[in-house]
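Inside the fold
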Amino acid sequence: MATAKKVKKETKEGEDQEYQGSHHEHPHGHKPHDPPYYDPDYEHPRDYEHQPPVNPRYPDRRIYGSYASKKPPRYVPHPFEHSCFKPRKQDYKPPVICHDDHDEHLCIRKDHRMLTADEQTRFLNAFTQINALNALGPLVDIHSNAIHNMHGNPRFLPWHRIYLLRMEELLMMIDPTVCIPYWKSSEEQAFPSWLLGFTPTVNLLSGPHTVTRLIGPLGFLPNATDVTTAMANGTFNTFAPSLEGIHNSGHVWVGGSMGSIQFAPCDPVFWMHHCEIDRIWAEWQVANPGQNPILAGTAGTMDPWAETEVATRHILALRYKYV
Ligand SMILES: [Cu+2]
C-alpha cells in the first residue's frame, strides 16, 4: 500500500486518472489468486486494458522505449568512481576510435556450460552493476505491465526477442564482452549451479524484491523430446504456443520469483531461460522460412519499443547469434 501511495504522490493532479484507478486494484495486472503463468490461448488473447505506469526512473529511450522520461535522468553516481585508481595526467591514453564494423559487434550467445569462470563473473558483475544503477528494476517493471500483451499470443516470441536485446544492451554498457548465455534446460535437467548463490534484490515500482527459488517440486522441466515435438510444427501458429508452453513449464519448475510474471526477470536465470527459448525459435525459423506471426496494426509493434515484428525475423540483423 505504501507503494501505491508513493506512485500517486509522484503523479501530477489530473494526469492518468484512469490508470490510478486500476493501479490501486491490481498494481501489476496480476490478481493474487491467478496462476502464475497461463496456458497460451492464441485464439482468445487476454485483454488487460492497462496503461503504462508513471515512472520517473526510465531515462533512456533506447532501453525503456516509450517509458523514457522527458526530464533529464537523475544523476546516479557510478559505483566504480569511488573505488578505482586514476592514471596520472601523463598516463592518459588517446581515445579509442571505433570502426562501425557490424561483425565485430556481434554478440555471441553461448551455452552457459561453455562459459569460463571469468565469463560467469563478468555476466554476474554486469547484472549486479545495472541493478545497482537502478536500471534493471525499470526493465523488470516493463515485463509486469500486461498492456504490452506479450504472453499467451503471437507477440510472445518477437516481444521477448527485443526484451532480451534491451537487457543485453544494458549489460554491454557495463561490460561490452558480456552476452546473455542460454540455459538448455531440456538437455541439462538441472539448474545452473553457478547461479545458486546469486539472489539479487531489485528495486521495483512495488518495492524491493529479493529473488527466491523453489526448484523442482512445482512442475516438470520439459525434456529433449518435448522440444523436438514443438520443433516439428510447420506453422508459426502451432509452433509458437507449444514453445511458449515449454517456456511456462521452465518458469514453474524454477519456482519462486521465476514463477511470477511480475518478478521473474529479477532472476538472471530468466534471461538465460528466455535466451534458450529464443535460440530454439531461431533454429526453427531457419528450418521454416517465411513462417512469421500474423500481427495486425499496433500488435505488430513491440511496445514500449519501436521495433516491429518484421525487425525481429533475422537475429543477425539484430546483431547477435547463437553458438
Ligand atoms: Cu515474459
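Everything below is about the structure printed above this text.
This section reports on the structure supplied with the text. (Residues numbered from 1 in each chain as written. Predicted model: local features only at pLDDT ≥ 70, side-chain atom pairs only at ≥ 80, totals over all residues. Heavy atoms only, no water.)

A few points about the overall build of the protein
- Broken down by element type, the protein carries 10 helices and 4 strands.
- For the protein, with 323 residues in total, the buried portion stands at 47%.
- For the protein, contacts bridging at least 24 residues in sequence account for 78% of all contacts bridging at least 6.
- Element-wise, carbon and sulfur atoms account for 57% of the exposed surface of the protein, whose accessible area totals about 17,000 Å². (Helix = DSSP H or I, 4+ residues; strand = E, 2+ residues; numbered from the N terminus. Buried < 20%, exposed > 50% of the residue type's maximum accessible area, 1.4 Å probe, protein only. Contact = heavy atoms within 4.5 Å. Areas by Shrake-Rupley, 256 points an atom, 1.4 Å probe, with all protein chains shown as cover.)

Structural notes on the environment of Leu243
- For Leu243, the position within the fold is in helix H9 (residues 236-254).
- Sequence-wise, Leu243 and Trp281 are 38 residues apart; in three dimensions their C-alpha atoms are separated by 8.1 Å.
- With near-sequence residues (within four places) excluded, Leu243 lies in contact with Leu157, Ala230, Ile277, Ile280 and Trp281.

What about the packing of helix H6 (residues 156-174) against helix H10 (residues 268-287)?
- Following both chains from N to C, one finds H6 and H10 inclined at 125 degrees, their axes separated by 10 Å at the closest point. It follows from the interaxial angle that H6 and H10 lie oblique. The interaxial crossing formed by H6 with H10 has left-handed handedness. Listed contacts from H10 to Phe156, Leu157, Pro158, His160, Arg161, Tyr163, Leu164 and Met167 of H6 are Phe270, Trp271, His274, Cys275, Ile277, Asp278, Trp281, Ala282 and Gln285.
- For the contact of H6 with H10, the per-class residue count stands at 12 nonpolar, 3 polar and 2 charged. (Axes fitted to C-alpha atoms, helices over the stretch in contact; angles between N-to-C directions. Parallel < 35°, antiparallel > 145°, perpendicular 65-115°, else oblique. Left-handed = near helix turned anticlockwise from the far one by under 90°. Nonpolar A, V, L, I, M, F, W, Y, C, P; charged D, E, K, R; others polar.)

What about the packing of aromatic side chains?
- What the rule picks out here adds up to 16 aromatic pairs.
- Ring geometry for Phe123 versus Trp194: centroids 6.1 Å apart, planes at 70 degrees, classification edge-to-face. Placement of Phe123 in helix H4 (residues 117-132) and of Trp194 in the loop between helix H7 (185-188) and strand S2 (201-204) is noted, with a sequence separation of 71 residues between them. Per residue, the accessibility class of Phe123 equals that of Trp194, and both read buried.
- Taken together, a centroid distance of 6.4 Å and an interplanar angle of 65 degrees make the contact between Phe236 and Trp284 edge-to-face. Taken together, the positions of Phe236 in helix H9 and Trp284 in helix H10 put the pair 48 residues apart, joining distant regions of the chain.
- Residue class for Phe236 comes out buried when judged on its relative accessible area of 1%.
- One Lys or Arg, Arg109, reaches over the ring of Tyr320 and ends 3.6 Å from the middle of that ring.
- The aromatic ring of Tyr182 is capped on one face by Arg279, whose charged end is 5.1 Å from the ring centroid. (Phe/Tyr/Trp six-rings, centres within 6.5 Å; stacked < 30°, edge-to-face > 60°. Lys NZ or Arg CZ within 6 Å of the ring centre and 35° of its normal.)

Points about the state of the cysteines
- All told, the structure shown has 1 disulfide when counted by the stated rule.
- Sulfur-sulfur distance for the disulfide between Cys107 and Cys179 comes to 2.1 Å. The sign of the -100 degrees torsion about the S-S bond sets the Cys107-Cys179 disulfide as left-handed. Of this pair, Cys107 sits in strand S1 (residues 107-109) while Cys179 is found in the loop between H6 and H7, placing the two residues 72 residues apart along the sequence. Each member of the pair, Cys107 as well as Cys179, is classed as buried. (Disulfide = S-S within 2.5 Å.)

Observations concerning the nonpolar core
- Counting residues in hydrophobic clusters, the biggest one holds 55 residues, and the most contacted among them are Tyr64, Leu139, Met167, Leu171 and Trp271.
- For this core, the secondary-structure elements that each account for two or more residues are helix H3 (61-64), H4, helix H5 (136-143), H6, S2, H9, H10 and strand S4 (320-322).
- In terms of residues, this core owes the most to one element, H6, which gives 8 residues.
- Beyond its immediate sequence surroundings of up to four residues, Leu171 is in contact with Phe123, Ala126, Phe127, Ile130, Val178 and Ile180. (Core = buried A, V, L, I, M, F, W, Y, C linked by side-chain atoms within 4.5 Å.)

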